[in-house]
Amino acid sequence: MQFSIIVPAYNAQNTIADTLQSLLEQKVTPEYTFEIIIINDGSSDATLKVCEYYSRFYQNIAIYTQENGGLTKARNVGASKARGEVLLFVDSDDMLPPNTLWNYYLVFSNYAVDFVAGLMGNYWEHNKTYSIQKNYLKGHKGFLEDKSLWVPIFANACSACTKAYKKEFLNKHHLRFLDGHHLYEDHLWTLSLLKYAKSIFLLDEVVFYYRMHPNNSVSNWKKSYLEDMIAVQEGILKLQIPLDLDCYYRRFLKDFDFKKHLIEQAIIGQGRDSLEEMVKPLQKVLETIPLQYQQKHMPKWYAFKDHSESGIYKEMLRIRRNRKIKRFAKRLKNPFIKPLKNFFGLVNGLWYRRFLNKYQCRDKLLKALYQSFLLLPIKKGKITFSEGAYGMKYLGAIKEVLLSNSEFFVKTIPNKTLLSADIKRMYHFAKSQVILIDDYHRPLFGITPRKETLVLQCWHAGGLFKKFGCDSAKNNKEFAKEIKWHQSYSYAFVSGREAIEGYMSAFNLKREQIKLTGNIATDMLIKNQRSQMEAKVLLGVNPKKKLLVYAPTFRDWDRPNFNLNLNFQALIEKYGDKYEFAIRIHPSLKPTIPLSNVYDFSLKEEWLVLNAADALIADYSSIIFTYAYFGRPIYFYPYDYPKYMGERGFYKDYLHFVPGDIAFSEEELLKLLENIPQTSQRVQKLWKDYMGECDGNTAQKIANFIKDKVEIENV
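We now turn to the structure provided with this report. Numbers given for residues are sequential positions, taken from 1 along each chain in its written order. At least 70 in pLDDT is required for a residue's local features to be given in this predicted model, at least 80 for side-chain atom pairs to be given and counted, and no such filter applies to totals for whole chains, interfaces and linings, which use all residues. Processing note: side-chain calculations cover all non-hydrogen atoms of the structure and skip hydrogens and water entirely.

Right, let's get into the overall build of the protein. When its secondary structure is counted, the protein shows 28 helices and 20 strands. Our radius of gyration is a C-alpha quantity, and the globule rule it is checked against amounts to 2.2 Å times the number of residues to the power 0.38. Relative to the 2.2 N^0.38 estimate, which gives 27 Å for 715 residues, the radius of gyration of the protein is 30 Å and therefore close to what a compact globule would have. With respect to the principal axes defined by its C-alpha atoms, the protein has extents near 80 × 65 × 50 Å. Exposure categories follow from relative accessible area, calculated using a 1.4 Å probe and restricted to protein chains: below 20% of the type maximum is buried, above 50% is exposed, and the middle band is partly exposed. Put simply, the protein has 715 residues, and 54% of those count as buried. Contacts: residue pairs with any heavy atoms within 4.5 Å of one another. Long-range contacts, defined as pairs at least 24 residues apart, comprise 75% of the intrachain contacts of the protein with a sequence gap of at least 6. Here the protein holds 100 positive side-chain charges and 77 negative ones, and the gap between their average locations is 7 Å. Starting at the N terminus, helices and strands are each numbered in turn, a helix being any DSSP run of H or I of at least four residues and a strand any DSSP run of E of at least two. Neither His nor the chain termini are counted; the positive set is Lys and Arg, and the negative set is Asp and Glu. Charged groups are reduced to one reference atom each: NZ for lysine, CZ for arginine, CG for aspartic acid, CD for glutamic acid.

A word on the pairing of strand β14 (residues 491-494). Here β14 shows no split at all, with Tyr491 and Phe493 on one side and Ala492 and Val494 on the other all buried. Read as a crossover between parallel neighbours, the route from strand β13 (residues 454-457) over helix α17 (residues 476-486) to β14 is right-handed. Strands were regarded as paired on the criterion that DSSP finds at least two bridges between them. Here three bridges tie β14 to strand β15 (residues 514-516), and the two strands are oriented parallel to one another. In the sheet register, Ala492 faces β15, and the bridge partner there is Ile514. Crossover handedness for the path β14 to helix α18 (residues 500-507) to β15: right-handed. Here, the term right-handed applies to a crossover whose path from the first strand over the helix to the second runs clockwise when the strands point away from the viewer.

Once that is clear, we can look at the sheet that holds strand β19 (residues 615-618). Strands sit in the order β18-β17-β16-β19-β20 across an open sheet of five strands; the sheet is parallel. Each edge of the open sheet carries a strand with a single partner, namely β18 (599-600) and β20 (634-636). Here helix α21 (residues 568-575) sits on the sheet in contact with β16 (546-551) and β17 (579-583), set at roughly 160 degrees to β17. As a rule, the C-alpha atoms of each element are fitted with a line to give its axis, helices using only the stretch in contact, and angles between N-to-C directions run from 0 to 180 degrees.

Bringing the sheet that holds strand β11 (residues 409-413) into the picture now. With parallel pairing, the six strands of this open sheet are ordered in space as β11-β10-β12-β13-β14-β15. Of all the strands in the sheet, the pair left with one neighbour each is β11 and β15. In this sheet, adjacent strand axes meet at a mean angle of 25 degrees when their direction is disregarded. In terms of strand pairing, strand β10 (residues 382-386) meets β11 through five bridges, oriented parallel. Its bridge partner lying in β11, Thr384 is registered against Lys411.

One axis fitted to the seven residues ending at a residue, another fitted to the seven starting there: the angle between these axes is the bend at that residue. Approximately 55 degrees is the largest bend angle found in helix α13 (residues 309-359), and it occurs at Asn334, with the proline Pro335 only one to four residues beyond. Taken as a whole, α13 has its buried residues at Gly311, Ile312, Glu315, Met316, Leu317, Ile319, Arg320, Asn348, Gly349, Tyr352 and Leu356. Check the buried side of α13 and you find it contacts α10 (257-268), α11 (279-288), α14 (362-373) and α16 (419-431). Within two residues after α13, Gln360 carries a phi angle of roughly 50 degrees, on the positive side.

Turning next to α14. Multiplying 1.5 Å by the helix residue count minus one yields the expected span of that helix. Between its first and last C-alpha, α14 extends 16 Å over twelve residues, near the 16 Å set by a 1.5 Å rise per residue. For α14, every residue scored as buried is listed here: Arg362, Asp363, Leu366, Leu369, Tyr370 and Phe373. Each buried residue of α14 sits inside an arc of 130 degrees when the element is viewed along its axis, so together they form one side. Taken together, the buried residues of α14 touch α13 and α16. Summarising the geometry, the arc corresponds to the directions from the helix axis toward the C-beta atoms.

With that out of the way, let us pick up the environment of Glu498. Relative to the helices and strands, Glu498 is located in the loop between β14 and α18. A sequence separation of 48 residues divides Glu498 from Lys546, and the C-alpha atoms of the two residues are 32 Å apart. When residues no more than four places from it in sequence are discounted, the contact partners of Glu498 are Leu464, Lys652, Asp689 and Tyr690.

Further remarks concern the nonpolar core. Ranked by internal contacts, the top residues of the largest apolar core, which has 184 residues, are Phe154, Leu194, Phe258, Leu282, Phe304 and Leu616. Of all hydrophobic cores here, the second largest spans 25 residues; its members include Phe562, Tyr575, Val598 and Leu670. Nine residue types can take part in a nonpolar core, namely buried Ala, Val, Leu, Ile, Met, Phe, Trp, Tyr and Cys, and a core is a set of them joined through side-chain atoms within 4.5 Å.

Interpretation in functional terms is not warranted from these geometric data alone.
Right under this line is the structure:
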């Protein structure tokens, strides 16, 4: 497979070296090659010399020079010169991460798709750091089969540079950029893609870094931008795309382009003298935008209801006048409000935390607050989600179900140690009929809720493995403390029948307080399940090799830094031709990744990593119960078994309980991995015994339980 990377370049002497370097540092593999096509668009600086310097050393760089015709013309010329099967466009001040071509290759070599899109990152020039626009594709990944999602996703992901295109697809539908127009060109381009595309694949990886600096081409208003806006909007009307464009026009009119460029930069940012010459072009812009979208998405403060020339001019004057009034009011407030905000911010945050650290009194303070708020009446139907270390990762699905019921008042309390947050938290606890948590929860330590309030423990982990809660106490003092941690629980939810007795003793609950619903984490696993090949492609792993994931748990004596205690180099030397290796570390740990060819999936979604893995290497982590859904083999590497056994302990005899072969040394592990079967009956039995209630509907079951309990209480 050959890629053609098209780089339009105009007066980019200060940045194009970084761009070319990022292209030349792409992951090297025999499976694909790439050419770099530079279109020197009439540069008057040293851009051409920089490009020629690189071309002397790299045979895959071709340079074409033309008179200045603009970005879109340069892209079109580059596309006509391309010899590759797949095209990419990269601007001369931006960069690609080193695995971009590899990630594109994995998709195009395994699936028949028209184009592939990935995440955008930012490169901040002032401090030379990188960031990721995590919500760029709205969390979607893999095949995008539901066409109703296409416009909502790509309305905010319309950059031509975050995609790779089959040249055959572009040529078949004569897709070209709008010549002579620099701004908003990607809007028409992307909507044209969506009109003709049959299949799209989304990557959950950054494929492009956009350089953030004060000289970006769209940082300052130019008169020609109005012409660009008119041409692009006219082109969109002519497309007659058979998709709902509501999300696009919301982005264009309300969220970004029209508001930022036309209202803030042109009307407010330019002098009053320039307004008159803007009237007619603006009138033409409004004529190209369907009226129903203007009425729906233009806020009142810049709604152009009268499209006559006089009406548009009056509206522009009103916008400028209102903004001046707001700025004046803001200047009046700043000398008084800002110092007060800073003072209360210190009291609320830093001083409060110092006070708590000095006197170690947070538990008593929270309890006193709760007792005082008990004087208020409970609010029927009020349900409070109290975030812990995992945020709403597990509780969010339950919340979504409950929000569909208008009878409930749903509140989410963020996990913050602030005076104001603690006051609000205990107020909402006292007023709630139901409180949901998913881990140890410090604000409920030693709290005895009122009889009308249910505290539901939706424990994040499934199964039953290492001892926790009251069962982990080593003496009477620790046991008394554990009782206080869990005394507020009304009910706890478990994943399977074999886990019931363990949860009863861990949380000091009776049998009737344990409810069989399944485990929240498995909802995400079951509902998001993909083919194993698709999961591997999304992770950037070669689907032709087996993937082994090492997922050790934390050690209390080894946090936050963590020694992997596994020689990946030996594994790669022996099995690198047929296996890929990855690690997934507990979120509380900060390990050093030993080798560049070992994937770090610690921040990837657990359901995706487990979906892709052909085998799991574990020690004492409860991740084995979630992974058991796939019935694939698990290998155990408890290199510190005697110490861990003494510190923590297990509910069953570890050596006879674990559903896989055990290796106490690296040498033993190397031997065990010689031949990895596709499935394991022992792992399948583990799922049946300990995760048997998990069917992908745990959130719904818990929501139904809450509805039933609240209705009974209210009656």
